[in-house]
There are 2 protein chains.
Amino acid sequence: MPETSPRKPSSIDVARAASVSQATVSYVLNGKSAGLVSDETRERVLAAARKVGYRPNSLAKALLKGRTNTIGVFVSFLGSRYHADIVLGAQEVLEEHGYSLLLTASETDHKARASRISFMMNHRVDAILLVGGFYEDMTQPLCLNEAVAERLPCVVVDDAYAHSTVDCVVSDDSQGLALAVNHLKSFGHSRIAYLPAPWKGTTADARINGYIRAMTAAGLDVMPELYAPPAGAGDEIANLALELLRQPNRPTALIAANDHMLGYTVRALRELNLSTPDDVALVGYGNQEIAMVMELTSVDQQPRLMGKSAALRLLARLEQGDMPHQTIQTPVKLVVRASTVGEAQP
Amino acid sequence: MPETSPRKPSSIDVARAASVSQATVSYVLNGKSAGLVSDETRERVLAAARKVGYRPNSLAKALLKGRTNTIGVFVSFLGSRYHADIVLGAQEVLEEHGYSLLLTASETDHKARASRISFMMNHRVDAILLVGGFYEDMTQPLCLNEAVAERLPCVVVDDAYAHSTVDCVVSDDSQGLALAVNHLKSFGHSRIAYLPAPWKGTTADARINGYIRAMTAAGLDVMPELYAPPAGAGDEIANLALELLRQPNRPTALIAANDHMLGYTVRALRELNLSTPDDVALVGYGNQEIAMVMELTSVDQQPRLMGKSAALRLLARLEQGDMPHQTIQTPVKLVVRASTVGEAQP
DNA sequence: TTGTATGCGTTATCAC
DNA sequence: GTGATAACGCATACAA
């Protein structure tokens, strides 16, 4: 057994085993042997490659070609199904085109972000995909400064930057709120409250504005006292919802900025002995697992679609670098469940 | 502006800019200039590197050194918070040691797995981390065949293989069930049912066996009629739970193989007008988000810990290749909530 | 039809 | 202290 060398077999080893030159091996293994290498030699090379256990070295190839076919993916919070789905959607498209993902998930660590991006650039990724809101009030996420300066294609998903130097992909919050409002209106609701998200950023703004626009467009009065400032953890949200629903002329319907908050709201409703959807109809946002389990109507942002859309944009930019940067809005859809149309629940 | 060349500046460019040789640049930039390079030269090199925007090329280094400092991570289902947490835990440890993650998530696509692993090997990853159960009745996951054959270090998280040729990390299901059973027993329960998982594999088996052992050890009768065969989707689980709870001498407590199933069970309980925890106490498994929202007592598998443990094992094996393969069990903990100790809920 | 030579960007071993 | 030079594995222009 030639178990002495821990080195992996290279194309030179294959060449030796097949008694040909290394160039011939390269031709054969890359399918460029048409009318160049004799069938007999071709077979001999293929057999030799199999015999020595040859495995092409992507590193060497990348070094030579100047591109790695690798996309650096930076996820702000991998633990959410939503972000994970975006990544999966992007992966599906990118792998189809021969790219693989160099992924890093950073949760809260602010300083480490730029350093991780820098690391990816050292690895010579062909482009960078940023997944998840970073909610900085700038023209681009701070951690992308170096990347943008070095003209590396960048796409940001789930956070839109004004006058951007990067491409952005966000789901259409305006459409989402319109779907929610119109759905409720079609069931006769007019006093529709909105429970905003407990975080700041372009997405939060887009949803509040979407709510206001949709209400106005539907000819309904915006209820300013009802979109209270966002609270923190679960119990506080429940309390906020309680307050909202104890008001003299309380809303007959409630739209929450995410399903998670709505989960706590359901608890609050029980305490007040209000039934859903008869007393208060509920629409969530995000169509998370909890919406399925608790039978909540919710706006599905179709994160996989967002990921795919971002990937396609990335591919386009890789082919043709000098395009104007744009913000792409992807469609959402309303998933109707018992919290708006079901039999009443105690 | 020298904007003509799209080529990135190399250490040679730095050398030219600093009027030194390329080797000197290498010494300075790798901190090996102690007593070798004059301070004055050192400064000049550093300044030149900054000026030309030098960025070391990991590919070239990897090609030369024969190691990429990259770990291939293969996740069977990234969409779950549980798997994501395992990845995050592993990432934390690995990045601390200078490794980065080449990640691929495959959901159901069976055939593509081996091909993705092969791709990682072409990229010359230093090791492979498999996250998520693959539930094949073998000595190792099929997609690792090539990797094992080529002696690449492999660690599998969340699925244990008997007489394994790889290292495995699983959370201690035996301990988890024991914690659950003893917790319930301490509240006077003796008729404790177990609702098994709707999937097969080593984990499912370990939990059922853990239940039986824990019950026996606690001096309680195992209730064979209560661990019915697993059902499929949500409604079926709810029906199964309904059946279980309609029995003449129904259990006073129920342990579910995961929180998700318990979510549906709660629905079933409401239909029967049974209260929690007075009529039936509930313990879930996994401590998912839904357990938090629905106030369910649950066994936390501490997935981050699992990830860290796997990463440490990987690092150990990278330092010293010839160790016997082992299966590591990581500790779990019980998170107590209202479904076992709270005021009764209607 | 096949073989030779070169360079991608590093690091490391030598002479100078 | 410093500067050539080799090697890592591959693709390709060019010579034979």
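Refer to the structure presented above.
Since we're looking at a predicted model, the values are computed, not measured.

1. With respect to the nonpolar core
Phase 1: By size, the foremost hydrophobic cluster in this structure holds 58 residues, and its most contacted members are Ile71, Val73 and Leu129 of chain A together with Ile71, Val73 and Leu129 of chain B.
Phase 2: If we ignore the near neighbours within four places in the chain, the residues touching Ile71 of chain B are Leu94, Tyr99, Ser100, Leu101, Leu102, Val125, Ala127, Leu129, Leu314 and Leu318 of chain B.
Phase 3: Ranked by size, the runner-up nonpolar core spans 36 residues in total, among them Cys143 and Val166 of chain A together with Met120 and Phe134 of chain B.

2. Considerations on the interface of chain A and chain B
Phase 1: Taken together, the contact between chain A and chain B spans 52 residues of the former and 52 residues of the latter.
Phase 2: Roughly 4,900 Å² is buried in total at the junction of chain A and chain B, and carbon and sulfur atoms are behind 52% of that figure.
Phase 3: Sorting the residues of chain A by area buried against chain B places Arg55, Leu59 and Arg124 of chain A first, and these three jointly supply 16% of that buried surface.
Phase 4: Where chain A packs against chain B, one counts 10 salt bridges.
Phase 5: One salt bridge in this structure joins Glu150 of chain A and Arg55 of chain B, with 2.9 Å as the shortest N-O distance.
Phase 6: Connecting chain A to chain B are 24 residue pairs in polar contact (both at pLDDT 80 or more).
Phase 7: Elements represented by at least two residues in the side of chain A that touches chain B include exactly α4 (58-65), α5 (81-96), β2 (100-105), α6 (110-122), α11 (259-271) and α12 (289-293) of chain A.
Phase 8: Within the side of chain A that touches chain B, the residues separate by chemical class into 22 nonpolar, 14 polar and 16 charged.

3. Some details on the protein's contact with DNA strand D
Phase 1: Close to DNA strand D lie 26 residues, the nearest being Ser11, Tyr54 and Leu64 of chain A together with Ser21 and Leu36 of chain B.
Phase 2: A share of 66% of the atoms of DNA strand D within 4 Å of the protein falls on sugar and phosphate groups.
Phase 3: Between DNA strand D and Tyr54 of chain A, the relevant distance is 2.5 Å, taken from a phosphate oxygen to a side-chain nitrogen or oxygen of the residue.
Phase 4: For the surface near DNA strand D, the elements supplying multiple residues, two or more each, are α2 (22-29) and α4 of chain A together with α2 (22-29) and α4 (58-65) of chain B.
Phase 5: Class assignment for the residues of the surface near DNA strand D results in 12 nonpolar, 10 polar and four charged.

4. Quick word on the protein's contact with DNA strand C
Phase 1: Lining the immediate environment of DNA strand C, one finds 28 residues, of which Thr41 and Leu64 of chain A together with Ser11, Gln22 and Tyr27 of chain B sit closest.
Phase 2: Taking all atoms of DNA strand C within 4 Å of the protein, the share assigned to sugar and phosphate is 58%.
Phase 3: One nitrogen or oxygen atom from the side chain of Ser26 of chain B is found 3.2 Å from a phosphate oxygen belonging to DNA strand C.
Phase 4: Those elements that place two or more of their residues in the surface near DNA strand C are α2 and α4 of chain A together with α2 and α4 of chain B.
Phase 5: A class-by-class count of the residues in the surface near DNA strand C yields 13 nonpolar, 12 polar and three charged.

Cut-offs applied
Per chain, residue numbering runs from 1 following the sequence as it is written. Here the convention is simple: chains get letters from A, ligands get numbers from 1, in the order in which they are written. Thresholds applied to this predicted model are a pLDDT of at least 70 for local features of residues and 80 or more for the giving and counting of side-chain atom pairs; totals over whole chains, interfaces and linings are not thresholded and use all residues. Calculated side-chain values reflect all of the structure's heavy atoms, with hydrogen atoms and water omitted. What is meant by a nonpolar core is a set of buried Ala, Val, Leu, Ile, Met, Phe, Trp, Tyr and Cys residues, joined one to another through side-chain atoms within 4.5 Å. Here's how the labels work: a residue is buried when its accessible area is under 20% of the maximum for its type, exposed when over 50%, partly exposed in between, all with a 1.4 Å probe on protein chains only. Between two residues, a contact is recorded if the distance between any of their heavy atoms is within 4.5 Å. Buried area, as used here, totals the accessible surface that two parts lose on assembly, with accessibility defined by a 1.4 Å probe and the loss added over both. Each reported salt bridge corresponds to a side-chain nitrogen of Lys or Arg within 4 Å of a carboxyl oxygen of Asp or Glu. N or O atoms within 3.5 Å of each other form a polar contact, as long as, within protein, one can give a hydrogen and the other can take it, and as long as residues adjacent in sequence are counted only when both atoms are side-chain atoms. To qualify as a helix, a DSSP run of H or I must reach at least 4 residues; to qualify as a strand, a run of E must reach at least 2; elements of each kind are numbered from the N terminus. Classes in brief: Ala, Val, Leu, Ile, Met, Phe, Trp, Tyr, Cys and Pro nonpolar; Asp, Glu, Lys and Arg charged; the others, Gly included, polar. In this text, near means that some heavy atom of the residue lies within 4 Å of the molecule or strand in question.

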